[in-house]
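Geometric and topological summary
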Amino acid sequence: MLETRNLSKSFGPIHVTRDVSIRLERGERRVILGPNGAGKTTLFNLLAGVLQADSGQVLLAGKDITALPVARRARRGISRSYQKNTLFDGLSVRENLGLAAAVQAGQARRLFHDSLSHPKVRETVEEVAHLARLEQVLDARVNEVSYGIRRQLEVGVALATRPQVLLMDEPTSGVGPEMAAGFHDLLSGLPRDLTLLIIEHDMDLAFEVADKITVLNYGEVVFEGLPEAARGSDLLKEIYLGSWENA
Ligand SMILES: Nc1ncnc2c1ncn2[C@@H]1O[C@H](COP(=O)(O)OP(=O)(O)OP(=O)(O)O)[C@@H](O)[C@H]1O
Ligand SMILES: [Mg+2]
């Protein structure tokens with residue numbers, strides 16, 4: 001469904017992405033691990049089209065999308081949730097979902113309130129609110145809800161564009177263990193044919209949700225395999241030093 005071939009990117013003298021080749025099947029849940037600065041977010045930027053690779057290719061459903069800009073990749077079904085908050089704080093949860101759904105449904109040029117009342121948009125909002133567990137907070141303003149709910153809303157906004165591939169950059173960063181557990185349920189409830197690529201620091205969550213794990217270190221894929229194999233790997237213990245024992 002999503003594939004990279006020998007993807008490379010440098011910023012000046014720093015090779016941030018080195019010859020990365022990964023291949024995800026439709027419906028696969030892949031977790032990307034790697035220490036700070038390993039190039040995880042950069043890889044997402046290359047996949048989403050925010051950054052252009054120096055060399056290599058990105059393929060979506062077998063088609064080469066390397067040259068396509070962000071908007072056209074999004075239209076073909078790549079969506080993402082961000083490491084940092086990108087929500088409209090002064091709007092309600094419903095309005096944030098509705099805006100994303102309206103853009104996707106081609107209704108965004110109407111007046112704001114007309115967009116949100118469009119049946120297609122309302123239907124998407126309902127469905128996504130259910131998937132992202134936001135039904136109870138739909139009418140709350142974003143700046144009134146908890147940080148954990150905002151993280152869920154980030155995922156909801158990404159889902160409202162009806163993606164085929166969802167890239168999630170540290171969806172549980174900054175949330176407590178309880179929310180992280182809730183996130184596991186949320187992920188389990190997503191449609192099975194949605195392909196998920198998740199950057200995650202929470203090892204427990206990573207091992208629980210991943211079909212396969214890819215580890216980046218200094219921009220390079222240093223491990224790819226089943227979660228069980230990742231858990232026992234000496235190489236990974238070394239990369240993560242002490243933090244691995246807590247996993
Ligand atoms: N636009 C940019 N210009 C220059 N250097 C950049 C740029 N974006 C990222 N970098 C550098 O590339 C390296 C990888 O950054 P990246 O954000 O991809 O890492 P990461 O694995 O997501 O880290 P973290 O776990 O901290 O989020 C870092 O050294 C970073 O400083
Ligand atoms: Mg990052």
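A word on the overall build of the protein. For the protein, the helix and strand inventory stands at 10 helices and 10 strands. Rg of the C-alpha trace for the protein: 18 Å, near the compact-globule value of 18 Å for 247 residues, within the 12% margin. Referenced to the eigenvectors of the C-alpha coordinate spread, the extents of the protein come out at roughly 55 × 40 × 35 Å. Every one of the 247 residues in the protein was classed for burial, and the buried ones make up 51%. Of the contacts formed within the protein by residues at least 6 apart in sequence, a portion of 65% connects residues at least 24 apart. Of the charged side chains in the protein, 29 are positive and 32 negative, and the gap between their average positions amounts to 8 Å.

What follows concerns the sheet that holds strand β3 (residues 29-33). If you trace the six strands from one edge of the open sheet to the other, you get β6-β7-β8-β3-β9-β10, paired in mixed fashion. Strands at the two margins of the open sheet, each flanked by one partner only, are β6 (78-81) and β10 (220-225). On average, each strand axis in the sheet is inclined to that of its neighbour by 20 degrees, with strand direction left out of account.

Once that is clear, we can look at the domain arrangement of the protein. Domain annotation of the protein identifies domain 1 (1-77 + 163-247) and domain 2 (86-161). Taking the mean C-alpha position of each, domain 1 and domain 2 sit 25 Å from one another. Taken together, the contacts link 17 residues of domain 1 with 12 residues of domain 2. Regarding the contact of domain 1 and domain 2, the summed buried area is about 1100 Å², with carbon and sulfur atoms giving 70% of it. When residues of domain 1 are sorted by the area they lose upon contact with domain 2, Pro-163, Met-179 and Leu-186 head the list and together hold 38% of the total. Where domain 1 meets domain 2, there are zero salt bridges. Remark: the boundary between domain 1 and domain 2 carries four residue pairs in polar contact (both at pLDDT 80 or more). Of all the elements in the fold, those that place two or more residues in the side of domain 1 that touches domain 2 are β7 (165-169) and α7 (177-188). Here the side of domain 1 that touches domain 2 gets four residues from one element, more than from any other, and that element is α7. Here the residues of the side of domain 1 that touches domain 2 are counted per class, giving 11 nonpolar, three polar and three charged.

With that out of the way, let us pick up the pairing of strand β8 (residues 195-199). Burial analysis of β8 places five of its five residues in the buried class, which makes it a mostly covered element. Pairing of β3 with β8, which is carried by four bridges, proceeds in the parallel orientation. Bridge assignment links Val-31 to a residue of β8, and that residue is Ile-198. When β7 meets β8, the two strands line up parallel, connected through five bridges. Residue pairing for β8: Val-165 is matched across the bridge by Thr-195. Chirality of the crossover, the property in question, places the unit of β7, α7 and β8 among those that are right-handed.

Our next topic: the side chain of Glu-3. One can find Glu-3 in strand β1 (residues 2-11). Here Arg-5 takes part through its side chain, which lies 3.0 Å from a polar atom of the side chain of Glu-3. For Glu-3, the side chain forms a polar contact with the side chain of Arg-23, separated by 3.3 Å.

With that settled, the discussion passes to the sheet that holds β1. Spatially, β2-β1-β4-β5 is the arrangement adopted by the four strands of the open sheet, whose pairing is antiparallel. Of all strands in the sheet, those with a lone pairing partner are β2 (14-24) and β5 (63-64), marking the two edges. Relative to strand β4 (residues 55-60), β1 runs antiparallel, the two sharing five bridges. Across the sheet, the residue bridging to Thr-4 is Val-58, located in β4. Set on the sheet, helix α1 (residues 40-48) makes contact with β1, β2 and β4; between it and β1 the angle comes to about 115 degrees.

The rules we used
- Residues numbered from 1 in each chain as written.
- Chains lettered and ligands numbered in written order.
- Predicted model: local features only at pLDDT ≥ 70, side-chain atom pairs only at ≥ 80, totals over all residues.
- Heavy atoms only, no water.
- Helix = DSSP H or I, 4+ residues; strand = E, 2+ residues; numbered from the N terminus.
- Rg over C-alpha atoms; globule rule 2.2 N^0.38 Å.
- Buried < 20%, exposed > 50% of the residue type's maximum accessible area, 1.4 Å probe, protein only.
- Contact = heavy atoms within 4.5 Å.
- Lys, Arg positive; Asp, Glu negative; His and termini not counted.
- Charge placed at Lys NZ, Arg CZ, Asp CG, Glu CD.
- Pairing = 2+ DSSP bridges.
- Axes fitted to C-alpha atoms, helices over the stretch in contact; angles between N-to-C directions.
- Domains from an automatic or database assignment.
- Buried area = accessible area lost by both parts, 1.4 Å probe.
- Salt bridge = Lys/Arg side-chain N within 4 Å of Asp/Glu carboxyl O.
- Polar contact = N/O pair within 3.5 Å; in protein donor to acceptor, adjacent residues only side chain to side chain.
- Nonpolar A, V, L, I, M, F, W, Y, C, P; charged D, E, K, R; others polar.
- Right-handed = clockwise from strand over helix to strand, strands pointing away.

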